Each structure stands twice: as C-alpha cells, then as structure tokens.
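Residue-level structural notes
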There are 2 protein chains.
Amino acid sequence: MANPIDFYFDFSSPYGYFASAKIDDLAAKYVRGVNWHPILLGAVFKMNGQQPLPGIPLKGSYAKHDMMRSARWFGLPFKIPTRFPIGAIAPCRAFYWVRDKDAALARKLAGALYHAYFVEDRDISNPEVTLNVAAKQGVDREALAQGLNDVALKERVKNEVDAAIERGVFGSPYIVVDGEPFWGSDRFDQLEKWLSTGNW
Amino acid sequence: MANPIDFYFDFSSPYGYFASAKIDDLAAKYVRGVNWHPILLGAVFKMNGQQPLPGIPLKGSYAKHDMMRSARWFGLPFKIPTRFPIGAIAPCRAFYWVRDKDAALARKLAGALYHAYFVEDRDISNPEVTLNVAAKQGVDREALAQGLNDVALKERVKNEVDAAIERGVFGSPYIVVDGEPFWGSDRFDQLEKWLSTGNW
C-alpha cells in the first residue's frame, strides 16, 4: 500500500474543517490512509509576523465572505463562530491523548470537535466543552480531564507542533503526500491530480 | 448585455498572470466583457502590514513551489524571474497611458508585459524594458517615454490604486462580478459557478 497522506490542521481553521470533511474519501479513492495531525498555528504566525485572517483590514472581511461561500461550494454546514478565532489548545491535546489509545476514536473526535465549533457554535477552546464533546464520543471524561493537565501530554503536543513547523507547515489545511506539500482546501484539485498520476 | 467583469491585478503577481491568461475566455463564455485594472499592491501591503510572499519564512519557499506547480496546472509557460517581486510602476503607468487612447491595444500590452516578465525573465520595472515591450506592440515609444513622466498620468495611476483599495481590493488577482468579489486564481471554479448561475 502507498504511503499515508499527512493531514495537518488547526481546530480554529474553517478551511481545515472543509478539508477534514473531504480528505478521508479522497485518500480512500486512491487506496491511501490519512494521518491526522492537529497543530496550533499561533506559534507559526508569531514566527512569521502573520495575523489571523479576520483581523487584517480588507482581507478580514473578504475572508469571512469567502469562508461562507466556500462552505456552500463544498456543500458543508457552517457558521462563523461567535468567538473566532480561538487558541485550540484543549481540543488539540484531547486529540493526541485519545490517539495514543485509539486512533479511530481520535479521528471521530476530530470530526465531532470541528462540528461542535463550526456548526453548533460551541467554544471548544473551553476545556469543559472539549470534554463534553469527547464524552459524547465515548471517551472517559474523568480520565481525559486529568490527562489534559499532564505535563507529558503538554510536551507531546508541543513536540508535534515543532515537528510540523520543522517540516515547513505554516497554514491549515496543509497536506503532504510523498513529500509533496499542498496548502489550502483550494488545492484539492491539484492534490487529486498528484494522487492519480503520481507526479506531473 | 450583462455588466463587465472587473479584473484587478499587479504586474508583479504570478497568480495575476495565470488569471490574465484565462479571464477573457471565461468572460466570453458567459457573454461578459472584462475591464482590466492593473494596480500596485505595495500600498495595500504597507497598510495591512503584509510582506510579499517570497520573503515570508516557510510560506515563501512553499509559494515558489506552488507558483511553478500552478503554472503547470494551468498549462502556462512560466519561470520565477531573476528579480522578483518588483514594484511594477512603469508597466502600470504605461497600461493606463495606452488605455486612454486604445483599450484593445492596452489589453494586448498587458499580455505582452506579463509574458516579458514571467516567461522571458525581463525586468519590466525598468522603464526602458517596458518601453521596448510597448514599442513591439505598436505603441509610439517616444510619446510613451514622455507620457510616463507626466504628472497627470502619475496622479491618474494613484487614483486607480486608491479606488481599488476603496473597493476592498487587497491582492492579485482580485475579480469582481456584479459586486461579488473573488480573490485568487484558485477561485476560478467558484467564479464560473457564479457566472453560470447568477448566484448560489
């Protein structure tokens, strides 16, 4: 079987959400697996002197318009959350805590967290909300609540983010297939051509 | 006939070049004209605290890779110019000087300037190069050389850029159809859906 696709995303990123709804089906079509890597873009943005899109003059108001139109384009339910963007530390930690025990459950949890944030307008940066979402997916709420404060888990997430930056990841979604990088949910056409031809 | 499409671009922008090769055919398919508006993004970038793509860590090296891959995707000849990016003041002024006399010739000149910069690697920010390109298209070289230094033309270009910013333009290409904005050569699929359905 061919190498799995590396899928990097931030839980605060609408375009990451759009990609998350499409990536598994696209990969399956070309007999590939997907490794899901939630990351925290705050560190990258600081390094690059970038601001989150919504705060930039002109670009910010266009971005909100583009997010809503792109959701319709992809046929996905979406609303811009009341609190947006967020630092998605709790959901990111929860994902890796679960993944170390059950990768399939972590994948389900990622989908549920994105749905909670971008469809139900629940503030998943609040650890209580993340815990509620996880519990609904069958995760042990008490054990996860303890785990979220574990120093080793914090270190683990920091290492995941550092490894992503080391690899060149600077946005969400950021997808790597056999070393070839694709940034943005608007590169799915080029990504699919790559998957279908091996190179071009 | 329906309203023409407004097409904003910077002569220093690879994605503007890609869009410039596609926009007239797309518009014609939906019985629309195109108003070409070269602009200078330097003023917008300064206002937004943005840097040109190539200078941004991580993003810059990805951007160069993406430009080359996107050129192949669109089936266009392309190389990253030796001097890149540039302040495209001379080509921008030359365009408006010609357009006031002959809109069709200005359209041809825009294509020739993009070709000189992104295919032939000629530095069109040098007024002599812009004059040579224009002369090849049948523009009166001496008259244009005088015109480029005309205070009224400088003011005219400044007003065009200000009007674009006023309208919300912050990148290249930036396309407006019946009030609906589309930023990027990667929004042509959404743009075409808009043109074909009127709204969605």
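The structure reproduced in this document is the subject of the present report. Just so it is clear, the model here is predicted, and its values are computed rather than measured. (Residues numbered from 1 in each chain as written. Chains lettered and ligands numbered in written order. Predicted model: local features only at pLDDT ≥ 70, side-chain atom pairs only at ≥ 80, totals over all residues. Heavy atoms only, no water.)

Side note on the sheet that holds strand 2 (residues 34-38) of chain A
Residues and elements named next belong to chain A. In plain terms, the rule: Two strands form a pair only when DSSP identifies at least two bridges running between them. Numbering of helices and strands runs from the N terminus, with a helix taken as a DSSP run of H or I at least four residues long and a strand as a DSSP run of E at least two residues long. Axis definition: a line fitted to C-alpha atoms, limited for helices to the stretch in contact. Angles are taken between N-to-C directions and run from 0 to 180 degrees.
Spatially, the four strands line up as an open sheet ordered 2-1-3-4, and their pairing is mixed. Edge positions in the sheet fall to strand 2 and strand 4 (180-183), since each has one partner strand and no second. On average, each strand axis in the sheet is inclined to that of its neighbour by 20°, with strand direction left out of account. Two elements, strand 1 (residues 5-9) and strand 2, share five bridges in a ladder whose sense is parallel. Residue Phe9 lies in a different strand from strand 2, and its bridge partner there is Pro38.

Remarks on the pairing of strand 4 of chain A
Residues and elements named next belong to chain A. Where strand 3 (residues 174-177) lies against strand 4, four bridges are found, and the strand directions are antiparallel. Residue pairing across strands places Val176 opposite Pro181, the latter belonging to strand 4. The hairpin formed by strand 3 and strand 4 contains two residues between the paired strands, and Asp178 there has a positive phi angle of roughly 50°.

So, the interface of chain A and chain B
Our working definition: Contacts were defined at the residue level, with two residues in contact if any of their heavy atoms lie within 4.5 Å. Two parts placed together each lose some accessible area; with a 1.4 Å probe, that loss summed over both constitutes the buried area. A pairing counts as a salt bridge when a side-chain nitrogen of Lys or Arg comes within 4 Å of a carboxyl oxygen of Asp or Glu. In protein, a polar contact means a hydrogen-donor-capable atom and an acceptor-capable atom, both N or O and within 3.5 Å, with residues adjacent in sequence counting only if both atoms are side-chain atoms; elsewhere, any N or O pair within 3.5 Å suffices. By the convention adopted, Pro, Cys, Tyr, Trp, Phe, Met, Ile, Leu, Val and Ala count as nonpolar, Lys, Arg, Asp and Glu as charged, and the other residues, Gly among them, as polar.
Between chain A and chain B, the residue contacts involve 33 residues of the former and 33 residues of the latter. Counting the surface lost from both chain A and chain B, the interface buries some 3,000 Å², and carbon and sulfur atoms represent 56% of this. Taken as a group, Leu58, Tyr62 and Trp73 of chain A account for 22% of the area that chain A buries against chain B, more than any other trio of residues on that side. On inspection of chain A and its partner chain B, the count reaches six salt bridges. For the pair chain A and chain B, the interface holds 16 residue pairs in polar contact (both at pLDDT 80 or more). When contributions to the side of chain A that touches chain B are tallied by element, the ones reaching two or more residues are helix 3 (42-48), helix 4 (59-74), strand 4 and helix 10 (188-197) of chain A. When residues in the side of chain A that touches chain B are grouped by element, the largest group, eight residues, is from helix 4 of chain A. Per-class residue counts for the side of chain A that touches chain B are 17 nonpolar, seven polar and nine charged.

As for the relation of the copies chain A and chain B
So the rule is basically this: Least squares is used to superpose the copies, and the fit set is the C-alpha atoms of residues whose pLDDT is at least 70 in both copies.
For these two chains of identical sequence, chain A goes onto chain B by a turn of 180° and a shift of 0.0 Å along the axis, with RMSD 0.0 Å. The superposition operator between the copies reduces to a two-fold rotation axis. Nearest to the rotation axis, the C-alpha of Asp186 of chain A is located 3.2 Å from it, this being the minimum over chain A. Comparing interface residues between copies, 100% of those in chain A also sit at the interface in chain B, which points to an isologous, same-surface contact.

Considerations on the pattern of salt bridges
Just so we agree on the cut-off: Between buried and exposed lies partly exposed: a residue is buried under 20% and exposed over 50% of the maximum accessible area for its type, with that area taken using a 1.4 Å probe on protein chains only.
In total, this model carries 34 salt bridges over all chains according to the counting rule given. In this structure, Arg83 of chain A engages Asp123 of chain A in a salt bridge whose closest nitrogen and oxygen atoms are separated by 2.8 Å. Here Asp123 of chain A lies in the loop between helix 6 (103-118) and helix 7 (127-136) and Arg83 of chain A lies in the loop between helix 4 and helix 5 (89-99), a separation of 40 residues in the sequence. Taking relative accessible area as the criterion, Arg83 of chain A reaches 47% and is therefore assigned partly exposed. Taking relative accessible area as the criterion, Asp123 of chain A reaches 23% and is therefore assigned partly exposed. A salt bridge links Arg141 of chain A to Glu128 of chain A, with the shortest nitrogen-to-oxygen separation between them at 3.0 Å. Here Arg141 of chain A is found in helix 8 (residues 141-148), whereas its partner Glu128 of chain A is found in helix 7, with 13 residues between them in sequence. When salt bridges that share partners are traced, they join Asp66, Arg69, Glu180, Asp186 and Arg187 of chain A together with Asp66, Arg69, Glu180, Asp186 and Arg187 of chain B into one network.

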